[in-house]
Amino acid sequence: MLLASLQSVACHGNRVDVSTGTASATITVAPATTLDKVWQLEASGAPVRDTSVTFAAKSGRTIVLRHAHPDDAIFLILDFPPSTDTSRAGDSLHIRVQPVAGKYAFVLATPDKLAPAAQATFSYALHFRAPAEASAKYPSTGALEQALAPALLGAASKVQFVGGTRPAADVVRFPVAAAGSYGLVAPR
């Protein structure tokens, strides 16, 4: 029990307003909106580097993007499970990931069809930064964190929520169905 408490404190650094909600809480899909009606979660620290990966569809791949040295904290995990589609067994997937500087957001580019179970996981314990104006609605960063939801950020400033889970503190996991821009947002 003591070890679990220490790990919880270590994960949250000096934040005293962290939620102690249950792990694996479901994030419901909210109605679509526009970018001017949400705040995007900001990221501090050095930018995360772009990456490109090609791999066999039948093998699958997990891609981990980290913040720069010295902390090397995880920013994003993309999980592409092995394809069970036998017509694609010999195919390769070509993935390019471009994190958006200063935001918990990324652009996923691929000409290929993704397996239905592909997912992304943001980890924001160390580099979480609330937008300055958000304090008017969310009196603490913990309140803002509980309002965060994953979204597909589309053309014409459209924001389409995708739902997901919170498998641990400061972690949000969500499905990635296709190429596009994804990010963590909270209602204004």
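The structure displayed is predicted, hence computed values, not measured ones.

### Looking at the overall build of the protein chain
At step 1: For the protein chain, the helix and strand inventory stands at 2 helices and 16 strands.
At step 2: Across the 188 residues of the protein chain, 37% fall into the buried class.
At step 3: In the protein chain, the share of contacts with a sequence separation of at least 24, taken over all contacts with a separation of at least 6, comes to 68%.
At step 4: Split by element, the accessible area of the protein chain, about 9,800 Å² in all, is 58% carbon and sulfur.

### Remarks on the side chain of Thr121
At step 1: You can see Thr121 is positioned in strand β10 (residues 119-123).
At step 2: For Thr121, a relative accessible area of 7% corresponds to the buried category.
At step 3: Polar contacts involving the side chain of Thr121 include one to the side chain of Arg173, which spans 3.1 Å.
At step 4: Not counting the four nearest positions on each side in its chain, Thr121 is found in contact with Phe75, Leu76, Ile77, Val171, Val172 and Arg173.

### Re the packing of aromatic side chains
At step 1: One pass over the structure, following the stated rule, counts 11 aromatic pairs.
At step 2: Ring geometry for Phe174 versus Tyr182: centroids 6.1 Å apart, planes at 35 degrees, classification tilted.
At step 3: Taking the relative accessible area as the measure of exposure, Phe174 reaches 1% and is therefore buried.
At step 4: Of the residues examined, Tyr182 reaches a relative accessible area of 3% and is grouped as buried.
At step 5: Among the aromatic side chains, those forming a connected cluster through ring pairs are Phe75, Tyr104, Phe106, Phe122, Tyr124, Phe128, Phe174 and Tyr182.

### What to know about the sheet that holds strand β7 (residues 74-80)
Sheet strands pair via backbone hydrogen bonds, and the direction of the pair is either parallel or antiparallel.
At step 1: Read across the sheet, 6 strands follow the order β1-β14-β15-β10-β7-β6 without closing on themselves; strand pairing throughout is antiparallel. The open sheet terminates on both sides in strands that have one partner only, identified here as β1 (25-27) and β6 (61-66). This sheet shows a mean twist of 20 degrees between the axes of neighbouring strands, independent of strand direction.
At step 2: Both strand β14 (residues 164-168) and strand β15 (residues 171-175) contribute to a ladder of 2 bridges, which runs antiparallel. Bridging from a neighbouring strand, Thr165 pairs with Arg173 of β15.

### Focus on the pattern of salt bridges
At step 1: Across all of its chains, the model carries 2 salt bridges by this definition.
At step 2: Linking Arg96 and Asp50 is a salt bridge whose minimum nitrogen-to-oxygen distance equals 3.3 Å. With Arg96 in strand β8 (residues 92-99) and Asp50 in the loop between β4 (42-43) and β5 (51-56), this residue pair connects regions lying 46 residues apart in the sequence.

### Let's talk about the nonpolar core
At step 1: Formed by 43 residues in total, the largest nonpolar core has its most connected members in Leu76, Leu78, Phe80 and Phe106.
At step 2: In contact with Phe106, other than residues within four places in its own chain, are Leu76, Leu78, Val97, Gln98, Pro99, Val100, Ala120, Phe122, Phe174, Gly180, Ser181 and Tyr182.

### Focus: the pairing of β15
At step 1: Bridge count between β10 and β15: 5 bridges; the pairing is antiparallel. When the sheet's bridge partners are listed, Ala120 is paired in β15 with Phe174.
At step 2: Hairpin geometry of β14 and β15 is characterised by an intervening segment of 2 residues between the two adjacent antiparallel strands and by a positive phi of about 60 degrees at Asp170.

### A short note on the confidence of the model for the protein chain
At step 1: When pLDDT is averaged along the protein chain, the result is 86, and 85% of the positions lie at 70 or above.
At step 2: The lowest-confidence element of the protein chain is helix α1 (residues 2-12), averaging 37 in pLDDT; the highest-confidence one is strand β9 (residues 105-109), averaging 98.
At step 3: In the predicted structure, residues 1-22 sits below a pLDDT of 50 and forms 16 contacts with residues beyond four places in sequence or in another chain.

Scoring rules and cut-offs
- Residues numbered from 1 in each chain as written.
- Predicted model: local features only at pLDDT ≥ 70, side-chain atom pairs only at ≥ 80, totals over all residues.
- Heavy atoms only, no water.
- Helix = DSSP H or I, 4+ residues; strand = E, 2+ residues; numbered from the N terminus.
- Buried < 20%, exposed > 50% of the residue type's maximum accessible area, 1.4 Å probe, protein only.
- Contact = heavy atoms within 4.5 Å.
- Areas by Shrake-Rupley, 256 points an atom, 1.4 Å probe, with all protein chains shown as cover.
- Polar contact = N/O pair within 3.5 Å; in protein donor to acceptor, adjacent residues only side chain to side chain.
- Phe/Tyr/Trp six-rings, centres within 6.5 Å; stacked < 30°, edge-to-face > 60°.
- Pairing = 2+ DSSP bridges.
- Axes fitted to C-alpha atoms, helices over the stretch in contact; angles between N-to-C directions.
- Salt bridge = Lys/Arg side-chain N within 4 Å of Asp/Glu carboxyl O.
- Core = buried A, V, L, I, M, F, W, Y, C linked by side-chain atoms within 4.5 Å.
- pLDDT = per-residue confidence, 0-100.

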